[in-house]
Amino acid sequence: TLRTFPSIFERLISTMGAEVRRRNLRDTDVLIRPLVSGFPVMGFDTLRLRELVDIGYKTASQSKTELLDVKEKIQLASEAKTDISSKNTSPLEGLSETFQINDIIIEGTDATMMLSLLAQKGIEVDKTVTTDSLYDAMESIYGMGTFSSVQYHLLGGDPYTLKLEVMPNPKNQVELGLRLDSEDAAAALLGIGINRLALSGPKLDLTTRLSINPWIEGHIAYTSHHLPQINASMKYWFSEVNRFYKKSSHAFNYHYFNTDIYLSQLFSRQYDGRIGLRYEHYQIGDIHTEALLKGSYINTANHATYTGLYASLQNDLFDAAYLPTTGYAYGLKAEYHIPRSSDMGDFVTLQGNISSALPLHESTILQPSFYMRWLLGDKIPIVYGNSIGGYLPGRYMEQQAPFAGLLGCEFMHRILTIFGVEMRQTLMPDFYLSGTVNYAHSSDHLNETFEKRGIWGFGMAFTYNTTLGPLMLSGHWNDRNHRFGAYFSFGYDF
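### Let's talk about the overall build of the protein
Within the protein, the regular secondary structure consists of five helices and 24 strands. Taking all 494 residues of the protein together, the buried fraction comes to 40%. Sequence-distant contacts in the protein: of pairs separated by 6 or more residues, those separated by 24 or more amount to 54%. Just so you have it, the protein exposes about 27,100 Å², and 60% of that area is on carbon and sulfur atoms.

### Observations concerning the pattern of salt bridges
If you walk through the whole model with that rule in mind, you get 23 salt bridges. Lys 121 is the salt-bridge partner of Asp 136, the closest N and O atoms lying 3.4 Å from each other. A residue pair is termed long-range when its members are at least 10 positions apart, and Asp 136 in helix α5 (residues 131-143) and Lys 121 in the loop between α4 (111-120) and β2 (127-130) qualify at 15 residues. On the basis of relative accessibility, which here comes to 35%, the residue Asp 136 falls in the partly exposed class. Note on Lys 121: relative accessible area 31%, which makes it partly exposed.

### Focus on the confidence of the model for the protein
For the protein, per-residue confidence averages 85 on the pLDDT scale, and residues scoring 70 or more make up 90% of the total. For the stretch residues 83-92, pLDDT sits under 50, and the model shows 25 contacts to residues farther than four places along the chain or on other chains.

### Brief notes about the nonpolar core
If you look at the biggest cluster of nonpolar residues, it comprises 26 residues, and the most contacted ones within it are Phe 252, Tyr 254, Tyr 282, Val 383 and Tyr 384. When residues of this core are traced back to their parent elements, those giving at least two are β6 (185-194), β9 (229-245), β10 (248-264), β11 (271-289) and β13 (303-316). In terms of residue count, β10 provides more of this core than any other element does, three residues in total. Excluding residues that lie within four positions of it along the chain, Tyr 282 makes contacts with His 255, Tyr 256, Ala 301, Asn 302, His 303, Ala 304, Tyr 306, Met 344, Pro 381, Val 383 and Tyr 384. Counting residues in hydrophobic clusters, the runner-up holds 24 residues, among them Ile 104, Met 138, Tyr 152 and Leu 199.

### Considering α4
Where α4 is concerned, the buried positions are Met 113, Met 114, Ser 116, Leu 117 and Leu 118. At its buried positions, α4 is contacted by β1 (98-107), α5, β3 (147-155), β4 (160-168) and β8 (215-223). Trailing α4 by a residue or two, Gly 122 shows a phi angle of about 85 degrees, which is positive.

### Considerations on the sheet that holds β3
The pairing of strands in a sheet happens through backbone hydrogen bonds and is either parallel or antiparallel. Ordered by their spatial adjacency, four strands build an open sheet running β2-β1-β4-β3, and the pairing between neighbours is mixed. Only two strands of the sheet have a single neighbouring strand rather than two, namely β2 and β3. Here the strands of the sheet are splayed against their neighbours by 45 degrees on average, with no regard to which way each runs. Pairing between β3 and β4: eight bridges, direction antiparallel. What sits directly across from Ser 149, in β4, is Met 167. Along the sheet, α4 makes contact with β1, β3 and β4, crossing β1 at roughly 155 degrees. With respect to the sheet, α5 is in contact with β1, β2, β3 and β4, its orientation differing from that of β3 by roughly 155 degrees.

### Topic: the packing of aromatic side chains
This structure, assessed with the given rule, holds 15 aromatic pairs. With 6.3 Å between their ring centres and 10 degrees between their planes, Tyr 328 and Tyr 330 make a pair best called stacked. Look at Tyr 330 and you get partly exposed, because its relative accessible area is 27%. A ring pair is formed by Phe 370 and Phe 419, whose centres lie 5.2 Å apart and whose planes are at 45 degrees; its orientation type is tilted. Of the two residues, Phe 370 is situated in strand β16 (residues 364-376) and Phe 419 in strand β20 (residues 415-428); the sequence distance between them amounts to 49 residues. Taken together, Tyr 439, Trp 456, Phe 458, Trp 477 and Phe 484 form an aromatic cluster joined through their ring pairs.

Calculation notes
- Residues numbered from 1 in each chain as written.
- Predicted model: local features only at pLDDT ≥ 70, side-chain atom pairs only at ≥ 80, totals over all residues.
- Heavy atoms only, no water.
- Helix = DSSP H or I, 4+ residues; strand = E, 2+ residues; numbered from the N terminus.
- Buried < 20%, exposed > 50% of the residue type's maximum accessible area, 1.4 Å probe, protein only.
- Contact = heavy atoms within 4.5 Å.
- Areas by Shrake-Rupley, 256 points an atom, 1.4 Å probe, with all protein chains shown as cover.
- Salt bridge = Lys/Arg side-chain N within 4 Å of Asp/Glu carboxyl O.
- pLDDT = per-residue confidence, 0-100.
- Core = buried A, V, L, I, M, F, W, Y, C linked by side-chain atoms within 4.5 Å.
- Pairing = 2+ DSSP bridges.
- Axes fitted to C-alpha atoms, helices over the stretch in contact; angles between N-to-C directions.
- Phe/Tyr/Trp six-rings, centres within 6.5 Å; stacked < 30°, edge-to-face > 60°.

This is the structure in structure tokens:
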């Protein structure tokens, strides 16, 4: 009956799995069989996970006696191999708020680099350690993304021996992505990382997006034991911009190139701090603009070169990159742009954002957000202007802020502020209904903030969370041009 390649492949996998299962059963001391027949293989939403954890806990509890017997055998074997006599090997039980560490054992990676990481969190030999600093250190090490597993044990009594066992991820990576939506049709992503997840030494990344608005970016970094990570990057971006402001339209395309040299914070995936120098050049072609903002600050010069300084800080503590159920994120960024020609003026960009996910109920999430971007200066080139619109941040420009209710982009004044709130309801596992209300206001001066009327936008979306990324269909409306619109997308954002 095996007449197609998929059926042959499925049988082959099944046969290989059966052999592994037989070996596992033979070597098993305690066999626990949770009943999970009603759960799909890739079902990882919050509700399913809670059910699975509950089923696993109840099933394992039925084998408590057998598990305690295995625990005792493991402890006796461990004591036979070492001179450490204490049975307290749990990092959680019987641990006071402060304690001493007299030795650190590292397995699975370079001990010198790992000891340096621990020292930055206050974990050192012959020093008093707090439980909070120990947990924080373990979370930071795992959050780097370098290791697929991070386990630690406290052996002996106070003072303890800290044993750290890690399993490294592959250092080299290849990324492939595909995104479809009703605004840009399709986009493909290709990324190659050499030594990307190494703890130290040189790293190389090359990433490109193929779409209506393509870009290519290269990144070189060097990491040492005690210094911040040193980075150099280059990016080229071609963007075909279609902007709509009230009933007048603005369309142009531009080529943009930048080179950055910067220092970055090293030891956390969630926390990203940078300070650096930037060289950037843009070239505008085929520009068509009708009346811009009244008394516009925007300079439509067709090319310019800038150098500048910048500093940024990003911290993301959401529990998921998409559809988070708890946590928060914030960011701050300041840039000083200095023109290379005397006929252009310098200007400063200040930008900030904060958002959080607040669980109102097991299946209801409230996600408020705030965004601001201030441009301090006159005759700022059009490619740096404030703009809002769409669901994808940075679609046509790096600084474009998403705004439910508008597709394309709209120019905004120099002082831009956006407030938003989304409420998301889980209808069934992996399927969500959400409603969004956001308000954008802009003015040319701080003392005019909220004197003029802003833009209200409203959106409602159905989202299905698939293995390949969210599948979303939404409708939206805004009170500026009183237009309804629809949007479809599939895949992760890039």
